Amino acid sequence: MLDLDQKILFFINGSQSLFLDNLAYVLTSGITWIPLYLALLYLVIKNNETMKQILLIIGFALVCVLLSEFVTDFIIKPIVGRLRPTIDPSIKYLVHTVDNLRGSQYSFFSAHAANTCCIAVFFSLLIRNSIFTAAMLIWSILNCWTRVYLGLHYPSDIFCGFLYGAIVGLCIYVIFLKLYFKFSPKFNYISSQYTSTGYCLTDVEAVLIVLAFTFIYAIVRSLIIFV
């Protein structure tokens, strides 16, 4: 399994394309996705009536990320102690890096995969729109690809991080829902203009547009650097 893990890593890691190098480097940065996070915040604020509802959603979304990040970086990684491919002495000179990005010491499992997946799952369950769900999962998978492409994680790091993130997102949403229904009516929206949980489709589309334009920005920026 370890041998297969390494073979898949080298298959995905790097290329002869400076454009792809730049694209992966831009997409893997958390700063790149700030517009998406702000758009999600706007969506929550615009489509919830009370401050209690808004704060509960924001609070649980933050719990998702904090739980994912804390368990990954402060518990799992130190216990497992698996060196990143870019740091492991046995293969680090074989791994393709971009701008000498090597990351911190340990790689198992991926905090990027866990964080993006838990956000994608939590908000997908919150919004309940198939196109939005597909877009958020693609966003998470794209972030996962950048980590292997840049040589910062083995595929198994990504798979386990993604799976853990999905579990965290689901569990946190279930707990959120129990608290939410204590002071809010149950979802009962039957409309072509709203999702089943009451989110305006126009506002959902606005988030998708932000996501699309952020990706376009990353492509354009990578092309400029490439040229």
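Right, let's walk through the structure included here. None of the values given here were measured: they were computed from a predicted structure.

## Considering the nonpolar core
Logical step 1: Core analysis: the biggest nonpolar cluster contains 44 residues, and Leu40, Phe122, Phe123, Leu126, Phe132 and Phe176 have the highest contact counts within it.
Logical step 2: For this core, the secondary structure elements donating two or more residues are helix H2 (18-27), helix H3 (34-46), helix H4 (51-80), helix H5 (111-127), helix H6 (130-149), helix H7 (155-180) and helix H8 (201-226).
Logical step 3: For this core, the leading source of residues is H5, giving eight residues.
Logical step 4: If we skip the residues at most four places from it in the chain, Leu126 touches Val44, Ile57, Tyr173, Phe176, Thr197 and Tyr199.
Logical step 5: Judged by nonpolar contacts, the second largest core, of eight residues, contains Ile91, Ala113, Cys144 and Tyr154.

## Details of the pattern of salt bridges
A pair can form between side chains of opposite charge whenever their charged atoms are brought close.
Logical step 1: With the rule as written, the count across this model stands at five salt bridges.
Logical step 2: Among the salt bridges present, the one from Asp3 reaches Lys7, with a minimum N-O distance of 3.4 Å. In this pair, Asp3 and Lys7 are both assigned in helix H1 (residues 2-12), four residues apart and thus about one turn of the helix distant.
Logical step 3: Owing to a relative accessible area of 47%, Asp3 belongs among the partly exposed residues under this scheme.
Logical step 4: On the basis of relative accessible area, Lys7 is assigned to the exposed category, the value being 54%.
Logical step 5: Here Asp157 ties to Arg82 by a salt bridge, and the two come within 2.9 Å at their closest N and O atoms.

## Some points on H5
Logical step 1: When the terminal C-alpha atoms of H5 are compared, their 24 Å separation across 17 residues agrees well with the 24 Å that a helix rising 1.5 Å per residue should span.
Logical step 2: Counting buried positions along H5 gives 15 out of 17 residues, so the element sits mostly inside the fold.
Logical step 3: In this structure Ser110 caps H5, since a side-chain oxygen of it lies 3.3 Å from the backbone nitrogen of His112.
Logical step 4: Phi for Arg128, located one or two positions after H5, is positive at around 60°.

## Description of the environment of Ser110
Logical step 1: With respect to the secondary-structure elements, Ser110 resides in the loop between H4 and H5.
Logical step 2: On the accessibility criterion, Ser110 (0% relative accessible area) is buried.
Logical step 3: Separated by 100 residues in sequence, Ser110 and Val210 have C-alpha atoms that sit 25 Å apart.
Logical step 4: Not counting chain neighbours up to four residues away, the residues in contact with Ser110 comprise Thr72, Arg147, His153, Asp157, Ile158 and Gly161.
Logical step 5: Side-chain polar atoms of Ser110 contact the backbone nitrogen of His112, separated by 3.3 Å.

Reading guide: rules and limits
Residues numbered from 1 in each chain as written. Predicted model: local features only at pLDDT ≥ 70, side-chain atom pairs only at ≥ 80, totals over all residues. Heavy atoms only, no water. Core = buried A, V, L, I, M, F, W, Y, C linked by side-chain atoms within 4.5 Å. Buried < 20%, exposed > 50% of the residue type's maximum accessible area, 1.4 Å probe, protein only. Helix = DSSP H or I, 4+ residues; strand = E, 2+ residues; numbered from the N terminus. Contact = heavy atoms within 4.5 Å. Salt bridge = Lys/Arg side-chain N within 4 Å of Asp/Glu carboxyl O. Expected span 1.5 Å × (residues − 1). Polar contact = N/O pair within 3.5 Å; in protein donor to acceptor, adjacent residues only side chain to side chain.

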